[in-house]
Amino acid sequence: MNIVLLGAPGAGKGTHSEMLVRDFGLKHISTGDLLRAELKKASPVGLEAKSYMDKGSLVPDAVVMKLLVGAIAGIKHGNGFLLDGFPRNESQAGMLEEELASRNMNIDRVLYLNVSKDVVIKRLTGRRICKSCGAVYHVFNMPPKREGVCDKCGGDLYQRPDDTEETVLRRLEVYRKETEGLINYYKTRKILAEVNADLSRDNTYGLILQKLGKK
Ligand code: ADP
Ligand code: ZN
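Small disclaimer: the values here were computed from a predicted structure and weren't measured. (Residues numbered from 1 in each chain as written. Chains lettered and ligands numbered in written order. Predicted model: local features only at pLDDT ≥ 70, side-chain atom pairs only at ≥ 80, totals over all residues. Heavy atoms only, no water.)

Asker: How should the coordination of the zinc ion (ligand 2) be read in this particular structure?
Answerer: Donor atoms from the polypeptide that bind the zinc ion (ligand 2) are Cys130 (SG), Cys133 (SG), Cys150 (SG) and Cys153 (SG), placed at 2.3 to 2.4 Å. Read from N- to C-terminus, the donor residues coordinating the zinc ion (ligand 2) fall into the pattern C-x2-C-x16-C-x2-C. Residue cysteine 133 is located in the loop between β5 (127-130) and β6 (136-138), and its partner cysteine 150 is located in the loop between β6 and β7 (157-158); the two are separated by 17 residues in the primary sequence. You can call cysteine 150 buried: its relative accessible area is 4%. (Donors = N, O, S within 2.8 Å, 3.2 Å for Na, K, Ca; no water. Helix = DSSP H or I, 4+ residues; strand = E, 2+ residues; numbered from the N terminus. Buried < 20%, exposed > 50% of the residue type's maximum accessible area, 1.4 Å probe, protein only.)

Asker: Is there a simple way to explain the side chain of aspartate 84 in this structure?
Answerer: Relative to the elements of secondary structure, aspartate 84 occurs in strand β3 (residues 81-84). Side chain to side chain, aspartate 84 and serine 17 meet in a polar contact 3.2 Å long. (Polar contact = N/O pair within 3.5 Å; in protein donor to acceptor, adjacent residues only side chain to side chain.)

Asker: Looking at this structure, I do not really get the sheet that holds β6. What am I missing?
Answerer: What holds strands together in a sheet is hydrogen bonding between their backbones, with the strands either parallel or antiparallel. If you trace the three strands from one edge of the open sheet to the other, you get β6-β5-β7, paired in antiparallel fashion. One side of each edge strand has no neighbouring strand; the edge strands of this open sheet are β6 and β7. The sheet contact formed by β5 and β7 spans two bridges and is antiparallel. Within β7, the position partnered with cysteine 130 by the bridge is leucine 157. (Pairing = 2+ DSSP bridges.)

Asker: Sorry if this is basic, but what is going on with the environment of aspartate 84 here?
Answerer: Residue class for aspartate 84 comes out buried when judged on its relative accessible area of 8%. Along the sequence, aspartate 84 and aspartate 33 sit 51 residues apart, while their C-alpha atoms lie 9.2 Å from each other. Residues within four places of aspartate 84 in sequence aside, it is in contact with Lys13, Gly14, Ser17, His28, Ile29, Ser30 and Thr31. At a separation of 2.9 Å, a polar atom in the side chain of aspartate 84 contacts the side chain of histidine 28. (Contact = heavy atoms within 4.5 Å.)

Asker: Mind showing me how you'd approach the site of ligand 1 here?
Answerer: Residues in contact with ligand 1 amount to 19 residues; listed here are only the nearest, Thr31, Arg36, Ser57, Gln92 and Arg171. Contacts to ligand 1 include threonine 31, whose side-chain N or O atom sits 2.8 Å from a nitrogen atom. In the environment of ligand 1, an oxygen atom lies 2.5 Å from a nitrogen or oxygen atom belonging to the backbone of serine 57. Within the complex, the protein chains bury 96% of what would otherwise be the 540 Å² of accessible surface of ligand 1. Residues of the shell around ligand 1, tallied by class, amount to seven nonpolar, five polar and seven charged. (Near = heavy atom within 4 Å. Areas by Shrake-Rupley, 256 points an atom, 1.4 Å probe, with all protein chains shown as cover. Nonpolar A, V, L, I, M, F, W, Y, C, P; charged D, E, K, R; others polar.)

Asker: Where do I start with the pattern of salt bridges in this structure?
Answerer: Here the idea is simple: oppositely charged side chains can pair when their charged atoms come close. In total, this model carries 14 salt bridges according to the counting rule given. Note that glutamate 18 is salt-bridged to lysine 152, the shortest N-O span being 2.9 Å. Of this pair, glutamate 18 sits in helix α1 (residues 13-24) while lysine 152 is found in the loop between β6 and β7, placing the two residues 134 residues apart along the sequence. For lysine 152, a relative accessible area of 57% gives the class exposed. Where arginine 36 meets aspartate 33, a salt bridge forms, and the shortest distance between an N and an O atom there is 2.9 Å. Of the two residues, arginine 36 and aspartate 33 both sit in helix α2 (residues 31-41), three residues apart, roughly one turn of that helix. You can call arginine 36 partly exposed: its relative accessible area is 22%. Assessed through its relative accessible area of 39%, aspartate 33 is described here as partly exposed. Here the residues in one salt-bridge network are Arg127, Arg160, Asp162, Asp163 and Arg171, joined through shared partners. (Salt bridge = Lys/Arg side-chain N within 4 Å of Asp/Glu carboxyl O.)

Written out as C-alpha coordinates, the structure is:
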(Lines give C-alpha, C1' and ligand atoms only; values in the text may rest on other atoms or scores of the structure.)
(Ligands and ions follow the chains in the order given, each with its own letter.)
Protein backbone atom coordinates (compact mmCIF):
# COMPACT_ATOMS: atom_id res chain seq x y z
CA MET A 1 0.00 0.00 0.00
CA ASN A 2 1.46 3.34 -1.11
CA ILE A 3 -0.06 6.40 0.51
CA VAL A 4 0.20 10.18 0.13
CA LEU A 5 -0.78 12.38 3.06
CA LEU A 6 -2.18 15.71 1.92
CA GLY A 7 -3.17 18.58 4.17
CA ALA A 8 -2.31 22.05 5.42
CA PRO A 9 0.65 22.58 7.72
CA GLY A 10 -0.53 21.46 11.16
CA ALA A 11 -3.15 19.06 9.78
CA GLY A 12 -1.34 16.25 11.57
CA LYS A 13 0.64 14.72 8.72
CA GLY A 14 3.67 14.06 10.90
CA THR A 15 1.70 12.61 13.82
CA HIS A 16 -0.40 10.30 11.66
CA SER A 17 2.61 9.26 9.62
CA GLU A 18 4.22 8.07 12.82
CA MET A 19 1.13 6.01 13.70
CA LEU A 20 0.73 4.52 10.21
CA VAL A 21 4.40 3.60 10.05
CA ARG A 22 4.14 1.92 13.46
CA ASP A 23 1.01 -0.06 12.53
CA PHE A 24 1.75 -1.02 8.92
CA GLY A 25 5.53 -0.91 8.58
CA LEU A 26 5.39 1.63 5.78
CA LYS A 27 8.51 3.51 4.77
CA HIS A 28 8.03 7.14 5.85
CA ILE A 29 9.24 9.72 3.34
CA SER A 30 8.87 13.29 4.61
CA THR A 31 10.41 15.93 2.37
CA GLY A 32 10.32 18.37 5.32
CA ASP A 33 12.39 15.91 7.40
CA LEU A 34 14.76 15.24 4.49
CA LEU A 35 15.29 18.98 4.04
CA ARG A 36 15.84 19.54 7.76
CA ALA A 37 18.43 16.73 7.74
CA GLU A 38 20.29 18.53 4.90
CA LEU A 39 20.10 21.78 6.85
CA LYS A 40 21.62 20.10 9.89
CA LYS A 41 24.50 18.77 7.77
CA ALA A 42 24.90 22.25 6.22
CA SER A 43 25.13 20.53 2.82
CA PRO A 44 24.82 22.64 -0.36
CA VAL A 45 21.20 21.47 -0.70
CA GLY A 46 20.55 22.42 2.92
CA LEU A 47 22.06 25.85 2.50
CA GLU A 48 19.99 26.49 -0.58
CA ALA A 49 16.80 25.30 1.09
CA LYS A 50 17.24 27.27 4.31
CA SER A 51 16.17 30.71 3.10
CA TYR A 52 12.95 29.32 1.63
CA MET A 53 12.10 27.26 4.70
CA ASP A 54 12.74 30.11 7.12
CA LYS A 55 10.27 32.26 5.21
CA GLY A 56 7.70 29.48 4.93
CA SER A 57 7.99 29.37 1.11
CA LEU A 58 8.32 26.22 -0.97
CA VAL A 59 11.83 25.05 -1.74
CA PRO A 60 12.37 24.90 -5.55
CA ASP A 61 11.01 21.70 -7.13
CA ALA A 62 14.37 20.59 -8.51
CA VAL A 63 15.97 20.58 -5.06
CA VAL A 64 13.14 18.66 -3.40
CA MET A 65 12.83 16.28 -6.34
CA LYS A 66 16.46 15.21 -6.00
CA LEU A 67 15.90 14.26 -2.35
CA LEU A 68 12.64 12.51 -3.16
CA VAL A 69 14.08 10.41 -5.97
CA GLY A 70 16.90 9.35 -3.65
CA ALA A 71 14.39 8.23 -1.03
CA ILE A 72 12.22 6.37 -3.53
CA ALA A 73 15.28 4.63 -4.97
CA GLY A 74 16.06 3.40 -1.46
CA ILE A 75 12.71 1.63 -1.06
CA LYS A 76 12.96 -2.11 -0.92
CA HIS A 77 9.78 -3.64 -2.25
CA GLY A 78 7.92 -4.53 0.89
CA ASN A 79 5.09 -2.94 2.75
CA GLY A 80 4.87 0.24 0.72
CA PHE A 81 5.60 3.88 1.47
CA LEU A 82 3.99 6.91 3.01
CA LEU A 83 4.66 10.29 1.44
CA ASP A 84 4.33 13.19 3.87
CA GLY A 85 4.68 16.77 2.59
CA PHE A 86 5.12 15.75 -1.03
CA PRO A 87 3.78 16.58 -3.59
CA ARG A 88 3.03 20.21 -2.79
CA ASN A 89 2.02 21.50 -6.24
CA GLU A 90 0.86 20.06 -9.55
CA SER A 91 4.29 20.07 -11.08
CA GLN A 92 5.62 17.89 -8.23
CA ALA A 93 2.57 15.62 -8.54
CA GLY A 94 3.32 15.11 -12.24
CA MET A 95 6.99 14.37 -11.61
CA LEU A 96 6.04 11.92 -8.87
CA GLU A 97 3.68 10.08 -11.18
CA GLU A 98 6.40 9.72 -13.82
CA GLU A 99 9.03 8.67 -11.31
CA LEU A 100 6.78 5.99 -9.84
CA ALA A 101 5.62 4.76 -13.25
CA SER A 102 9.24 4.27 -14.33
CA ARG A 103 9.65 1.94 -11.36
CA ASN A 104 6.36 0.12 -11.84
CA MET A 105 4.95 1.70 -8.72
CA ASN A 106 1.88 3.81 -8.07
CA ILE A 107 -0.10 5.64 -5.39
CA ASP A 108 -3.01 3.68 -3.97
CA ARG A 109 -4.58 6.28 -1.69
CA VAL A 110 -4.29 10.00 -1.02
CA LEU A 111 -5.47 10.81 2.50
CA TYR A 112 -6.58 14.41 2.70
CA LEU A 113 -6.44 15.66 6.29
CA ASN A 114 -8.95 18.50 6.28
CA VAL A 115 -8.25 20.96 9.10
CA SER A 116 -9.57 24.46 9.89
CA LYS A 117 -7.31 27.46 10.06
CA ASP A 118 -7.74 28.38 13.75
CA VAL A 119 -7.00 24.79 14.80
CA VAL A 120 -3.80 24.89 12.76
CA ILE A 121 -2.51 28.08 14.31
CA LYS A 122 -3.05 26.76 17.85
CA ARG A 123 -1.45 23.44 17.01
CA LEU A 124 1.64 24.71 15.28
CA THR A 125 2.57 27.51 17.64
CA GLY A 126 2.35 25.01 20.55
CA ARG A 127 4.16 22.18 18.77
CA ARG A 128 7.38 20.80 20.21
CA ILE A 129 9.52 18.12 18.58
CA CYS A 130 12.15 15.71 19.94
CA LYS A 131 15.64 16.49 18.65
CA SER A 132 16.64 12.83 18.81
CA CYS A 133 13.68 10.74 17.64
CA GLY A 134 11.35 13.28 16.01
CA ALA A 135 8.36 12.51 18.27
CA VAL A 136 5.82 15.33 18.24
CA TYR A 137 4.29 16.96 21.36
CA HIS A 138 2.08 19.95 22.11
CA VAL A 139 2.42 22.25 25.12
CA PHE A 140 -1.33 21.97 25.90
CA ASN A 141 -2.86 19.11 23.88
CA MET A 142 -0.12 16.52 24.30
CA PRO A 143 2.47 17.67 26.83
CA PRO A 144 5.38 15.37 27.66
CA LYS A 145 5.54 14.01 31.23
CA ARG A 146 8.53 16.26 31.96
CA GLU A 147 8.61 19.69 30.35
CA GLY A 148 11.08 19.88 27.47
CA VAL A 149 11.97 16.16 27.60
CA CYS A 150 10.84 13.39 25.23
CA ASP A 151 8.80 10.60 26.91
CA LYS A 152 10.06 8.05 24.42
CA CYS A 153 13.80 8.61 24.37
CA GLY A 154 14.69 11.35 26.87
CA GLY A 155 15.82 13.70 24.08
CA ASP A 156 15.44 17.49 24.26
CA LEU A 157 12.32 19.03 22.73
CA TYR A 158 12.56 22.07 20.48
CA GLN A 159 10.27 24.41 18.55
CA ARG A 160 10.71 24.44 14.78
CA PRO A 161 11.88 27.91 13.73
CA ASP A 162 9.07 28.05 11.15
CA ASP A 163 6.39 27.40 13.80
CA THR A 164 6.16 31.05 14.88
CA GLU A 165 2.80 32.68 14.21
CA GLU A 166 4.06 34.91 11.39
CA THR A 167 5.65 32.04 9.47
CA VAL A 168 2.69 29.75 10.12
CA LEU A 169 0.38 32.31 8.45
CA ARG A 170 2.74 32.48 5.50
CA ARG A 171 2.87 28.65 5.23
CA LEU A 172 -0.93 28.53 5.24
CA GLU A 173 -1.03 31.09 2.44
CA VAL A 174 1.46 29.05 0.41
CA TYR A 175 -0.61 25.94 1.05
CA ARG A 176 -3.77 27.66 -0.20
CA LYS A 177 -2.07 28.97 -3.33
CA GLU A 178 0.11 26.01 -4.29
CA THR A 179 -1.08 22.80 -2.66
CA GLU A 180 -4.86 23.00 -2.25
CA GLY A 181 -5.37 22.39 -5.97
CA LEU A 182 -4.03 18.87 -5.50
CA ILE A 183 -7.26 17.91 -3.76
CA ASN A 184 -9.05 18.10 -7.09
CA TYR A 185 -6.10 16.61 -8.95
CA TYR A 186 -6.40 13.41 -6.89
CA LYS A 187 -10.20 13.51 -6.78
CA THR A 188 -10.16 13.28 -10.57
CA ARG A 189 -7.89 10.24 -10.30
CA LYS A 190 -10.39 8.71 -7.85
CA ILE A 191 -7.86 7.96 -5.13
CA LEU A 192 -8.69 10.79 -2.70
CA ALA A 193 -10.10 10.02 0.76
CA GLU A 194 -10.98 12.95 3.00
CA VAL A 195 -10.92 12.85 6.81
CA ASN A 196 -11.79 15.46 9.42
CA ALA A 197 -8.48 16.47 11.00
CA ASP A 198 -9.92 18.93 13.55
CA LEU A 199 -10.63 16.01 15.89
CA SER A 200 -8.30 14.56 18.50
CA ARG A 201 -5.35 12.57 17.24
CA ASP A 202 -6.96 9.20 18.02
CA ASN A 203 -10.35 10.08 16.55
CA THR A 204 -8.81 11.27 13.31
CA TYR A 205 -6.66 8.16 13.20
CA GLY A 206 -9.80 6.03 13.57
CA LEU A 207 -11.23 7.73 10.48
CA ILE A 208 -7.99 7.13 8.61
CA LEU A 209 -8.10 3.41 9.39
CA GLN A 210 -11.70 3.28 8.14
CA LYS A 211 -10.74 4.96 4.88
CA LEU A 212 -7.90 2.49 4.42
CA GLY A 213 -10.29 -0.39 5.05
CA LYS A 214 -8.35 -1.44 8.15
CA LYS A 215 -11.19 -1.15 10.64
P1 ADP B 1 4.52 21.61 7.10
O2 ADP B 1 3.78 20.71 6.17
O3 ADP B 1 3.99 21.54 8.50
O4 ADP B 1 4.68 23.02 6.62
P5 ADP B 1 7.06 20.31 6.41
O6 ADP B 1 8.03 19.75 7.40
O7 ADP B 1 6.38 19.37 5.50
O8 ADP B 1 6.01 21.10 7.31
O9 ADP B 1 7.78 21.44 5.53
C10 ADP B 1 8.55 22.45 6.08
C11 ADP B 1 9.13 23.33 4.97
O12 ADP B 1 9.97 22.51 4.12
C13 ADP B 1 8.09 23.93 4.02
O14 ADP B 1 7.58 25.14 4.50
C15 ADP B 1 8.92 24.10 2.74
O16 ADP B 1 9.75 25.24 2.82
C17 ADP B 1 9.83 22.88 2.75
N18 ADP B 1 9.24 21.74 1.99
C19 ADP B 1 8.87 20.54 2.49
N20 ADP B 1 8.39 19.73 1.53
C21 ADP B 1 8.45 20.44 0.38
C22 ADP B 1 8.09 20.19 -0.98
N23 ADP B 1 7.53 19.01 -1.35
N24 ADP B 1 8.30 21.16 -1.90
C25 ADP B 1 8.84 22.33 -1.55
N26 ADP B 1 9.19 22.65 -0.30
C27 ADP B 1 9.01 21.73 0.66
ZN1 ZN C 1 12.56 11.36 21.47
